[in-house]
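# Coordinate analysis (summary)
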Amino acid sequence: MESLITTLKQFGLTEYEAKVYVALVTQSPSAAADISKRSTVPRARVYGTLDSLVEKGLVLKEQAEKTAVYRALPVELFIEKAQQDFEKNANDVERALKELAQKPQEQPVQVMTLQERETILQYCRHLLENAKETVFMSMWDDMYELLRADIEKASKRVHVKGVTIHAKDVLPTVDTHRITNYTETTKNPHWFIMTIDHEQAIYGSPVTERLSAFLTDDPMHIYILEDYIWHDVLVNRLVKKTEDDALDDWVQRERASFFHE
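In short, a report on the structure. Each chain has its residues counted from 1, following the order in which its sequence is written. In keeping with the predicted nature of the model, local features appear solely for residues at pLDDT of at least 70, side-chain atom pairs appear and are counted solely at 80 or more, and the whole-chain, interface and lining totals rest on all residues. Processing note: side-chain calculations cover all non-hydrogen atoms of the structure and skip hydrogens and water entirely.

Let's shift gears to the nonpolar core. Here, nonpolar core refers to any group of buried Ala, Val, Leu, Ile, Met, Phe, Trp, Tyr and Cys residues whose side-chain atoms link them within 4.5 Å. Here's how the labels work: a residue is buried when its accessible area is under 20% of the maximum for its type, exposed when over 50%, partly exposed in between, all with a 1.4 Å probe on protein chains only. One finds Val135, Met139 and Ile151 to be the most contacted residues of the largest nonpolar core, which totals 27 residues. Any two residues whose heavy atoms approach within 4.5 Å are treated as being in contact. When near neighbours in sequence (up to four residues on either side) are disregarded, Met139 contacts Tyr144, Leu147, Ile151, Val163, Thr164, Ile165, Trp191, Phe192, Ile193 and Met194. Counting residues in hydrophobic clusters, the runner-up holds 21 residues, among them Ile5, Leu8, Leu50 and Tyr70.

Listed below in structure tokens is the structure:
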């Protein structure tokens, strides 16, 4: 009996309602006093419970000579009504959830840490494959070679721009970094930066070194990273345009002074 009561509660009945309905299925019609005894629902609560079941259409109320008597809705009709109510509720919930899903939602920005070689490469390739307008990059030759095929494939659909260091035969839209003391020192850590459509960015150490990278959709991160790439491209173009070794030496001295190297 307890399991039946529990199951009926899953149909939306309260415990008292389930007990009263079962009591009426056992014997109908019945007066409230008899229902209270069979269902163990307190007499003070049985009247309210019966009224609730009448409102739900699960119990029929009849006026006898001296008092009201109650009948349970036939089991077949109860099950049919429960199925109809369930389908209606399910349809209402489905419609409401779909409406919520279609509303634009403000998503919190994310910065995810990636630490496995294949994971980092998979994310890079996924971003390149799904780029719709632009790919900006700054990367050393080791990372460029790992992604060369994917970068070249993306360049057939979108604008690919940026700068590479030591990479050979790069795309004509990608600048090559001039050779400097900074790029040739063994202490200089390699890195890579790649932004997609001004909406996503992945940056970190190449998978040939520390297995560490970050994936983000934070607009501030992306702005700073793209601005870094542009400034690197700009400085390289200015120095190359002048063909003045003194200017390149000046850039090196200014950098060393700024970073206290």
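More follows now that the structure is in view.
Note on ring pairs: Phe, Tyr and Trp rings are taken, using the six-membered ring of Trp, and paired if centres are within 6.5 Å. Classes follow the plane angle, with under 30 degrees stacked, over 60 edge-to-face and the rest tilted. Applying the stated criterion to the full structure yields 4 aromatic pairs. Between Tyr21 and Phe78, the ring centres sit 4.8 Å apart and the planes meet at 25°, which makes this aromatic pair stacked. Of this pair, Tyr21 sits in helix 2 (residues 15-26) while Phe78 sits in helix 5 (residues 75-102), placing them 57 residues apart in sequence. On the basis of relative accessibility, which here comes to 4%, the residue Tyr21 falls in the buried class. Each ring, one from Trp140 and one from Trp191, has its centre 5.5 Å from the other, and the planes form 85°; the classification is edge-to-face. Residue Trp140 is located in strand 5 (residues 134-140), and its partner Trp191 is located in the loop between helix 8 (181-184) and strand 8 (192-196); the two are separated by 51 residues in the primary sequence. Side by side, Trp140 and Trp191 carry an identical accessibility label, which is buried. Cluster of aromatic residues (ring-pair linked, three or more members): Phe11, Tyr21 and Phe78. Secondary structure counts use DSSP, requiring at least four H or I residues in a row for a helix and at least two E residues in a row for a strand, with both numbered from the N terminus.

By salt bridge we mean one thing: a side-chain nitrogen of Lys or Arg within 4 Å of a carboxyl oxygen of Asp or Glu. Applying the stated rule across the entire model yields 13 salt bridges. One salt bridge in this structure joins Glu118 and Arg117, with 3.5 Å as the shortest N-O distance. Of the residues examined, Glu118 reaches a relative accessible area of 41% and is grouped as partly exposed. Here Glu152 and Arg148 are joined by a salt bridge, their closest N and O atoms 3.5 Å apart. Of this pair, Glu152 and Arg148 both sit in helix 7 (residues 141-155), 4 residues apart, which is roughly one turn of the helix. Exposure remark for Arg148: the relative accessible area of 16% places this residue in the buried category. Salt bridges linked by common partners bring Lys9, Glu15 and Lys19 together as one network.

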